[in-house]
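Structural characterization, general
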Amino acid sequence: MTEPVLTAFVREPGGFTLEASIRHGAYEGLRKALAMEPGRVIEAVKASGLRGRGGAGFPTGMKWGFVPKDSPGPKYVCCNADESEPGTFKDHVLMERNPHLVLEGVAIACYAIGARTGYIYIRGEFLHVAEVLESAIAEARAAGCLGRGILGSAFDCEIHVHRGAGAYEAGEESALLESLEGRRAQPRLRPPFPAVVGLYGCPTVINNVETLANVPLVLAKGPEWFAAIGPEQNTGPKLFCVSGHVARPGVYEASMHTTLRELIYGYAGGIRGGRALKAVIPGGSSTPVLPPGAIDAPASFDGMIKAGSMLGSAAVIVMDDTTCMVWAAENLVHFYRHESCGKCTPCREGSDWMLKILQKIERGEGEMRDLGLLESVARNIAGKTLCPFGDAEVAPVLGTLEHFRHEYEAHVREGRCPFHAGWRRGR
Amino acid sequence: MSFHPKMSYGTGLHQSARERPDPGEPFAFTPERRARLEEIALRYPPDRRRSALLPALHLVQEQQGYVSARAMEHVAEVIGVTPAEVEDVVTYYTMFRSKPAGTYLLQVCRTLSCALNGAERVTDALARKLGIAPGETDATGMFTLVEVECLGACDRGPVVMVNDGWHECVTPEGAERLVDELREKGTAALSGCHLRVEKP
């Protein structure tokens, strides 16, 4: 088990202030970066093996490298703080308790790609978190850690907080840019990719909060230190959000050697009430559910793909044996139907049809042929939309159909939902 | 006449269901809010003033409690876009309300992690206590109850957001108590976010 670094001081009263953050080493990574050529900073991030923590796991240094070096106009860094993937609450902790680490990461990213402005796009519901960030920015500017001539260098950098207003889709990078430009959060057709044509048509890097929070550590402690944590290709400290039927839900920092079993039964204290595990969603609602037999796989990008799912945003949602998997799929598809931005027909219409079929089965009115219909609708959404939302919304359906088909069949056979969990409505 | 073999023309299904936004009272930003908006607009390039549209609408809702059609017209003028473009944005984002809500807007998270911890029962308890269904405002105009999707506090579920504040780890009994306490002492009744470890 590695010592926490991202969340080492999050329980310390006043730990979010500049004074406390500097005491814990804040802005040392930025200081080191400013003494380097921007290209060397990108090289260091590449060497660390840091992969994006927002869901896709794309190598961060490579993403930064796509930004054209010789473009004459402005460039931008956007920090994706929309954190809306069901089950995910890790960026919330970083921004509220370690805001200077996030700001430092944004500033280093700006320096590396040649941007002078960074925007933190935060979901509208996080008003109290936005206030923490705003005051951290004011503190950092007053101390010369942001603003003009940062830390005595010739580098100028401003960071602004931009609040969303309730839209899951704004967490998709091109929709985030649309929202930041004052429009509906709907995705853009790619290519061109944001690294070339992004915010206001300028080259833009979009990184998740946790990704950017790791960047100062890479600079301050060195890429070798970072790459030594966790398995090969899955390096660095990782935040895991464990929720659902566990004794101690919360955010846990660990390496990606950690298995789902260790997260559920070690860190989170096991299944509440000593019940049996039925299913676990390893990376937020957009990743397929796994059966108990799969929990000895490491919770890493590659480990979860091998297990038949994805690490996603590392949001581990745990369900005990009282949970109805048809109901769980219905709950999540309800979410996607509500959040579909409506731009692509397969996603907009398909989410509605999947929900109707799931509700019908859960009510006990389903027929066996509905299972095939449900799967067919799902397969006609995946891969047929402008953004990954389409693939995401079919994960709860295809995952439960693959591992828990017998529960769907039991609903149809018995003409009712066979589960009677006390925590549900009317049970 | 109809070109459809089975459906006659103009009998409902062919009519647009678009709701006209509530026109509301005449609206203009207070001088303080207008000044705050101009300060926020400086964060974006001068020719990208439209980026200040979401912040402007947050300010409208802070002032008016919802976003009326007249407010949309005012925002359009201040930002330099058309009222239709403002309405396009307002109707997309769930946090912007097209109708006034009660003094306390109770927003129960209904998504999986909260639901696994009993969010359905919390909603039912609130509905019973207030004598309303989700989506409605009670007779006194004090409480509006809605179900919302994931609020990003899944380790403290079920979560109920009341106006801009959070109330965590809510049980059905706790939800009923919350209603009484909101009546007594307002938003001071809320638990707030557990990450705020400092004592106020």
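Residues numbered from 1 in each chain as written. Chains lettered and ligands numbered in written order. Predicted model: local features only at pLDDT ≥ 70, side-chain atom pairs only at ≥ 80, totals over all residues. Heavy atoms only, no water.

**Describing the packing of aromatic side chains**
All names here are of chain A. Counting across every chain of the model gives 18 aromatic pairs over all chains. Measuring from ring centre to ring centre gives 6.0 Å for Tyr168 and Tyr336, while their planes differ by 80°; the resulting arrangement is edge-to-face. Taken together, the residues Tyr168 in the loop between strand 3 (158-163) and helix 8 (173-180) and Tyr336 in helix 13 (residues 325-339) connect sequence positions 168 residues apart. Tyr168 gets classed as buried once you look at its relative accessible area, which sits at 13%. A residue is classified by how much of its surface remains accessible, and Tyr336, at 1% relative accessible area, is buried. Both rings, one in Tyr336 and one in Phe389, keep their centres 5.4 Å apart while their planes meet at 90°; by these two values the pair is edge-to-face. In this pair, Tyr336 is assigned in helix 13 and Phe389 in helix 16 (residues 389-403), connecting sequence segments 53 residues apart. (Phe/Tyr/Trp six-rings, centres within 6.5 Å; stacked < 30°, edge-to-face > 60°. Helix = DSSP H or I, 4+ residues; strand = E, 2+ residues; numbered from the N terminus. Buried < 20%, exposed > 50% of the residue type's maximum accessible area, 1.4 Å probe, protein only.)

**Considering the pattern of salt bridges**
Going through the model one piece at a time under the given rule, you end up with 49 salt bridges over all chains. The partner of Glu85 of chain B in a salt bridge is Arg50 of chain B, with the nearest N and O atoms 3.2 Å apart. Of the two residues, Glu85 of chain B is situated in helix 4 (residues 83-90) and Arg50 of chain B in the loop between helix 1 (31-41) and helix 2 (53-64); the sequence distance between them amounts to 35 residues. Of the residues examined, Arg50 of chain B reaches a relative accessible area of 16% and is grouped as buried. Each of Arg53, Lys90, Asp91, Glu210 and Lys238 of chain A takes part in a single network of salt bridges with overlapping partners. (Salt bridge = Lys/Arg side-chain N within 4 Å of Asp/Glu carboxyl O.)

**Details of the nonpolar core**
The biggest cluster of nonpolar side chains holds 66 residues, and the ones touching the most others in it are Trp64, Met95 and Ile122 of chain A. In this structure Trp64 of chain A touches Val41, Ile42, Val45, Ala109, Ala112, Ile113, Val205, Asn207, Leu212 and Val215 of chain A, once residues within four positions along its chain are discounted. (Core = buried A, V, L, I, M, F, W, Y, C linked by side-chain atoms within 4.5 Å. Contact = heavy atoms within 4.5 Å.)

**Description of the sheet that holds strand 4 (residues 204-208) of chain A**
Residues and elements named next belong to chain A. Read from one edge to the other, the open sheet built from four strands follows the order 3-2-1-4, with strand pairing classed as parallel. Strand pairing shows two members of the sheet lacking a second neighbour, strand 3 and strand 4, which therefore form its edges. In this sheet, adjacent strand axes meet at a mean angle of 20° when their direction is disregarded. Taken together, the five bridges between strand 1 (residues 76-81) and strand 4 define a ladder with parallel strand orientation. (Pairing = 2+ DSSP bridges. Axes fitted to C-alpha atoms, helices over the stretch in contact; angles between N-to-C directions.)

**Quick look at the interface of chain B and chain A**
Taken together, the contact between chain B and chain A spans 47 residues of the former and 72 residues of the latter. Where chain B abuts chain A, roughly 5,000 Å² becomes buried across the two surfaces, and 53% of that area is made up of carbon and sulfur atoms. When the buried area of chain B at its contact with chain A is split by residue, Arg43, Tyr92 and Leu116 of chain B rank highest and sum to 15% of it. Viewed at the interface, chain A and chain B are joined by 37 residue pairs in polar contact (both at pLDDT 80 or more). Of all the secondary-structure elements, those providing two or more residues to the side of chain B that touches chain A are helix 2, helix 4, helix 5 (112-116) and helix 6 (119-130) of chain B. Looking at the side of chain B that touches chain A residue by residue, the class counts come to 22 nonpolar, eleven polar and 14 charged. (Buried area = accessible area lost by both parts, 1.4 Å probe. Polar contact = N/O pair within 3.5 Å; in protein donor to acceptor, adjacent residues only side chain to side chain. Nonpolar A, V, L, I, M, F, W, Y, C, P; charged D, E, K, R; others polar.)

**Some words on helix 6 (residues 99-113) of chain A**
Owing to its 3.6 residues per turn, the α-helix brings residues three or four apart onto one side. All names here are of chain A. For helix 6, spanning 15 residues, the distance from its first C-alpha to its last is 22 Å, which sits close to the expected 21 Å at 1.5 Å a residue. Across the 15 residues of helix 6, 15 count as buried, placing the element largely inside the fold. Positive phi shows up at Gly114, right after helix 6, with a value of about 85°. (Expected span 1.5 Å × (residues − 1).)

**Structural notes on the sheet that holds strand 1 (residues 104-109) of chain B**
All names here are of chain B. An order of 2-1-3-4 is seen for the four strands of this open sheet, with the pairing classed as mixed. Every interior strand has two partners, whereas the edge strands, strand 2 (143-148) and strand 4 (165-167), have only one. Strand-to-strand, the axes of this sheet are offset by a mean angle of 25°, without reference to chain direction. Two strands pair when backbone bridges link them, and strand 3 (residues 160-162) and strand 4 are joined in this way by three bridges, in the antiparallel orientation. Within strand 4, the position partnered with Val160 by the bridge is His167.

**As for the side chain of Glu169 of chain A**
Mapped onto the elements of the fold, Glu169 of chain A is located in the loop between strand 3 and helix 8. Buried and unpaired, Glu169 of chain A has Arg190 of chain A as its nearest opposite-charge partner, separated by 6.7 Å. Among residues more than four places away in sequence, those in contact with Glu169 of chain A are Ala175, Ala185, Pro187, Glu339, Cys341, Cys387 and Phe389 of chain A together with Tyr92 of chain B. (Lys, Arg positive; Asp, Glu negative; His and termini not counted.)

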